[in-house]
Amino acid sequence: MRIVIASSEAIPFSKTGGLADVASSLSKALAKHGHDVTLVTPYYRQILAKANGKVPPLNPLDQTIRVPIGNRMVEGKLVLSTLPGSTVRVVLIDQPQYFDRTSLYGNGEGDYADNCERFAFFSRAVFEAATVLRLEPDILHANDWQTGLIPALLKAEYRWRGGFERTASVFTIHNMAFQGQFWHWDMLLTGLDWKYFNWHQMEFFGKLNLLKTGLSFADKITTVSPTYAREIQTPEFGYGLNGLLYSRRDDLVGILNGIDTEVWNPATDPLLPQRYNHATVSQGKPVCKLAVQNKYGLPDRPEVPLFGMISRMTSQKGLDLILDCMRQLTSLDLQMTFLGTGDPGYEHALKRLAAEFPTKVGVTIGYDEELSHLIEAGADIFLMPSQFEPCGLNQMYSLAYGTVPIVRAVGGLADSVVDASEVTLSQGTANGFSFYEYSSPVFFRQVCRAMGTYLDRKTWLQLIQTGMERDWSWNRSAYEYERAYEQACIHRHAVVN
Ligand code: ADP
Ligand code: GLC
């Protein structure tokens with residue numbers, strides 16, 4: 001198949017969250033399966049400049065693309081590249097006015113005021129790039145609100161243009177919490193007819209909603225775990241779009257993300273002081289643990305359980321649960337390390353705790369790829385008590401690195417972590433600890449359970465081995481995307497005929 005994947009972020013070019021990992025690693029997995037894959041993403045010049053040579057060669061094309069935005073024509077350029085170690089063609093959309101900024105979506109004061117315009121431009125530029133490069137895709141795969149216009153543009157406008165006659169669209173939800181909502185006059189920027197601004201297509205309580213647009217027009221909808229696919233059809237997780245998702249439930253499928261095992265593999269990871277696999281984890285992990293303790297200035301104590309958390313610091317990630325029981329946590333014989341950035345309230349609270357308990361709590365505020373690998377390898381236990389979690393990647397990195405996760409059983413966390421009960425331990429499926437009720441006492445009990453099990457070395461090693469032995473790569477999920485693409489093509493033909 002000829003597949004074009006559009007994403008507002010993609011490693012190693014840009015990243016604010018898991019979408020960047022998924023866009024690139026899914027593209028690579030599909031290319032390995034023999035598909036012709038093109039990944040289209042914005043050219044964030046300032047972000048790329050900070051990447052210190054980690055980015056593959058970039059080849060600017062001479063050709064200019066022209067995109068209608070409202071009543072203006074906005075010009076852009078294309079820059080070509082390849083995803084390292086793959087045949088995936090990368091097209092970066094260069095439009096300095098929109099994308100040459102310090103951040104992807106906003107600054108300290110909030111989201112950029114022209115985000116609708118920026119991503120309306122990007123969505124149309126994907127079609128223009130496909131035309132210039134004669135990609136003639138079978139599948140246009142859009143991700144999250146930033147590319148929500150793509151399925152609508154395909155249906156309303158481009159499907160009659162040369163090169164898109166047989167194209168079907170797939171839209172993937174990575175997070176329902178971000179919907180791309182703008183005042184109604186931004187409809188003019190999309191270039192789409194006002195007739196689509198109605199309650200079952202683009203309008204949501206008087207506003208233009210780009211996530212809803214993607215969901216309404218896509219031939220097939222996917223989300224990033226089977227449990228999240230069910231959850232978002234309910235009011236608790238659907239953020240007002242649960243009715244629409246329920247009405248499209250036959251076109252909606254949940255596919256668990258995979259991880260890029262070329263990057264996240266403890267046996268080959270160049271960022272670890274000692275590499276290890278499931279057979280050598282007992283020798284390798286203590287060396288990495290010591291490196292984490294040194295990095296955070298925590299006492300070198302091999303016997304004490306070391307907890308790790310790497311996260312955007314937002315309410316989604318369950319930091320309230322942790323902070324609410326921090327007094328009890330620090331009364332236990334443990335060490336905790338945090339790496340993340342985000343909400344200043346959480347950042348300050350954690351920094352205060354690190355100052356108060358320097359032998360127990362270590363905090364790094366910031367984004368640090370290298371340290372994230374070290375924590376995944378060196379920690380004994382990983383914390384991910386998310387309020388909601390469409391998929392989550394860190395729990396899978398943890399499982400692959402022999403780090404036992406404590407998670408809330410929602411979304412992809414429920415689909416990847418099997419709670420250690422008598423039954424699951426005897427069946428050999430247990431790989432972590434999970435709980436459902438979103439409350440600090442319940443979370444604290446899981447920490448105590450995990451610490452109790454940690455002392456039982458045989459059971460602990462069983463949990464580690466079970467996590468490490470499962471294949472967390474894209475192997476299985478890439479096939480599921482292929483099936484979703486095939487269904488999108490069939491569905492599209494059904495609609496067109
Ligand atoms: P989300 O996309 O909701 O943030 P995911 O678990 O899907 O959550 O993906 C988060 C990704 O970002 C992971 O690859 C994680 O390692 C990475 N990450 C988050 N915060 C940091 C940080 N401060 N430093 C390094 N990597 C981080
Ligand atoms: C979103 C979700 C996260 C998911 C990621 C990649 O950022 O919050 O759970 O893993 O997208 O799909």
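In what follows, the accompanying structure is described. Given the structure is predicted, the values throughout are model-derived calculations rather than measurements.

Procedures and definitions
- Residues numbered from 1 in each chain as written.
- Chains lettered and ligands numbered in written order.
- Predicted model: local features only at pLDDT ≥ 70, side-chain atom pairs only at ≥ 80, totals over all residues.
- Heavy atoms only, no water.
- Helix = DSSP H or I, 4+ residues; strand = E, 2+ residues; numbered from the N terminus.
- Rg over C-alpha atoms; globule rule 2.2 N^0.38 Å.
- Buried < 20%, exposed > 50% of the residue type's maximum accessible area, 1.4 Å probe, protein only.
- Areas by Shrake-Rupley, 256 points an atom, 1.4 Å probe, with all protein chains shown as cover.
- Lys, Arg positive; Asp, Glu negative; His and termini not counted.
- Charge placed at Lys NZ, Arg CZ, Asp CG, Glu CD.
- Pairing = 2+ DSSP bridges.
- Axes fitted to C-alpha atoms, helices over the stretch in contact; angles between N-to-C directions.
- Near = heavy atom within 4 Å.
- Polar contact = N/O pair within 3.5 Å; in protein donor to acceptor, adjacent residues only side chain to side chain.
- Nonpolar A, V, L, I, M, F, W, Y, C, P; charged D, E, K, R; others polar.
- Phe/Tyr/Trp six-rings, centres within 6.5 Å; stacked < 30°, edge-to-face > 60°.
- Lys NZ or Arg CZ within 6 Å of the ring centre and 35° of its normal.
- Core = buried A, V, L, I, M, F, W, Y, C linked by side-chain atoms within 4.5 Å.
- Contact = heavy atoms within 4.5 Å.
- Expected span 1.5 Å × (residues − 1).
- Right-handed = clockwise from strand over helix to strand, strands pointing away.

### Some details on the overall build of the protein chain
Stage number 1. Secondary structure summary: the protein chain contains 21 helices and 20 strands in total.
Stage number 2. On C-alpha atoms alone, the protein chain measures out to a radius of gyration of 23 Å, which is about the 23 Å that the 2.2 N^0.38 rule sets for 497 residues.
Stage number 3. Considering only C-alpha atoms, the protein chain reaches an extent of 65 × 45 × 45 Å along its principal axes.
Stage number 4. For the protein chain, the proportion of its 497 residues judged to be buried stands at 60%.
Stage number 5. For the protein chain, the computed accessible surface area is about 19,600 Å², with 53% contributed by carbon and sulfur atoms.
Stage number 6. Taking the average location of the 46 positive side-chain charges in the protein chain and that of its 52 negative ones, the two points are 2 Å from each other.

### Here's the deal with the sheet that holds strand E8 (residues 139-143)
Stage number 1. The strand order across the open sheet built from nine strands is E3-E4-E5-E2-E1-E8-E9-E13-E14, with neighbouring strands paired in mixed fashion. If you trace the sheet from one side to the other, it starts and ends with strand E3 (59-69) and strand E14 (252-254), each paired once. Geometrically, the sheet is characterised by an average inter-axis angle of 25° between neighbouring strands, direction not taken into account.
Stage number 2. Bridge count between strand E2 (residues 36-42) and strand E5 (residues 89-94): five bridges; the pairing is parallel. When the bridges of E5 are listed, Thr-41 appears paired with Leu-92.

### Description of the site of ligand 1
Stage number 1. Not every one of the 21 residues close to ligand 1 is listed here, only the nearest: Gly-18, Arg-312, Lys-317, Gly-366 and Leu-393.
Stage number 2. Gly-18 is positioned such that a nitrogen or oxygen atom in its backbone is 2.6 Å from an oxygen atom of ligand 1.
Stage number 3. The contact in question runs from an oxygen atom of ligand 1 to an N or O atom on the side chain of Asp-21, over 3.4 Å.
Stage number 4. When ligand 1 sits alone it has 560 Å² of accessible area, and the protein chains cover 92% of it.
Stage number 5. Of all the elements in the fold, those that place two or more residues in the shell around ligand 1 are helix H1 (18-32), strand E15 (306-313), strand E16 (335-342) and helix H16 (394-400).
Stage number 6. Ranked by residues supplied to the shell around ligand 1, first place goes to E15 with three residues.
Stage number 7. Taken together, the residues that form the shell around ligand 1 break down as six nonpolar, nine polar and six charged.

### Points about the packing of aromatic side chains
Stage number 1. Applying the stated criterion across every chain, the model contains 24 aromatic pairs.
Stage number 2. When the ring of Tyr-158 is compared with that of Phe-164, the centres are 6.0 Å apart and the planes differ by 80°; the resulting orientation is edge-to-face. Residues Tyr-158 and Phe-164 agree in their burial class; the two are buried.
Stage number 3. Relative to Tyr-401, the ring of Trp-264 has its centre 5.8 Å away and its plane inclined at 70°; by these criteria the two rings are edge-to-face. Of the two residues, Trp-264 is situated in the loop between E14 and helix H11 (281-295) and Tyr-401 in the loop between H16 and strand E19 (404-408); the sequence distance between them amounts to 137 residues.
Stage number 4. Taken together, the aromatic side chains of Tyr-44, Tyr-98, Phe-99, Tyr-105, Phe-119, Phe-121, Phe-122, Trp-145 and Phe-182 make up a single cluster linked through ring pairs.
Stage number 5. One Lys or Arg, Arg-101, reaches over the ring of Tyr-112 and ends 4.7 Å from the middle of that ring.
Stage number 6. We note Arg-408 situated over the ring of Tyr-436; from NZ or CZ to the ring centre the distance is 4.7 Å.

### Side note on the nonpolar core
Stage number 1. Of all hydrophobic cores here, the largest spans 168 residues; its most connected members are Ile-93, Ile-406 and Phe-443.
Stage number 2. Considering every element that reaches this core, the biggest residue donor is helix H4 (residues 115-132), with 10 residues.

### Comments concerning the sheet that holds E16
Backbone hydrogen bonds hold the strands of a sheet together, and the pairing may be parallel or antiparallel.
Stage number 1. Strands sit in the order E17-E16-E15-E18-E19-E20 across an open sheet of six strands; the sheet is parallel. The strands lining the two open edges of the sheet, one partner per strand, are strand E17 (361-365) and strand E20 (433-435). Averaged over all adjacent pairs, the angle separating strand axes in this sheet is 15°, with direction ignored.
Stage number 2. Pairing geometry for E15 and E16, over eight bridges, is parallel. Across the sheet, residue Leu-306 finds its bridge partner in E16, namely Gln-335.
Stage number 3. Here helix H14 (residues 344-356) sits on the sheet and contacts E15, E16 and E17; the angle it forms with E17, its principal contact strand, is near 145°.
Stage number 4. Contacts from helix H20 (residues 457-469) reach strand E18 (381-384), E19 and E20 within the one sheet, and its direction differs from that of E19 by about 75°.

### Comments concerning the site of ligand 2
Stage number 1. Neighbouring residues of ligand 2: 13 residues in total, closest His-174, Asn-257, Glu-389, Cys-391 and Gly-392.
Stage number 2. In this structure, an oxygen atom belonging to ligand 2 sits 3.4 Å away from a side-chain N or O atom of Asn-175.
Stage number 3. Note that an oxygen atom of ligand 2 is positioned 2.5 Å from one of the side-chain N or O atoms of Glu-389.
Stage number 4. The biggest single contributor to the shell around ligand 2 is H1, with three residues.
Stage number 5. Among the residues making up the shell around ligand 2, the classes are represented as five nonpolar, six polar and two charged.

### Describing H11
Stage number 1. Over its 15 residues, H11 runs 21 Å from end to end, which matches the ideal 21 Å to within 8%, given 1.5 Å per residue.
Stage number 2. Looking at the packing, one finds that the buried side of H11 touches E15, E16, helix H15 (369-378), helix H19 (440-455) and H20.
Stage number 3. Positive backbone phi, approximately 65°, marks Gly-297, located one or two places after H11.

### Describing the pairing of strand E1 (residues 2-6)
Stage number 1. Burial analysis of E1 places four of its five residues in the buried class, the great majority of the element.
Stage number 2. Sheet topology places E1 next to E2; five bridges connect them, and they run parallel. Residue pairing across strands places Ile-5 opposite Leu-39, the latter belonging to E2.
Stage number 3. Handedness of the β-α-β unit built from E1, H1 and E2 comes out right-handed.
Stage number 4. In the sheet, E1 pairs with E8 via four bridges, with the strands oriented parallel. If you follow Ile-5 over to E8, its bridge partner there is His-141.

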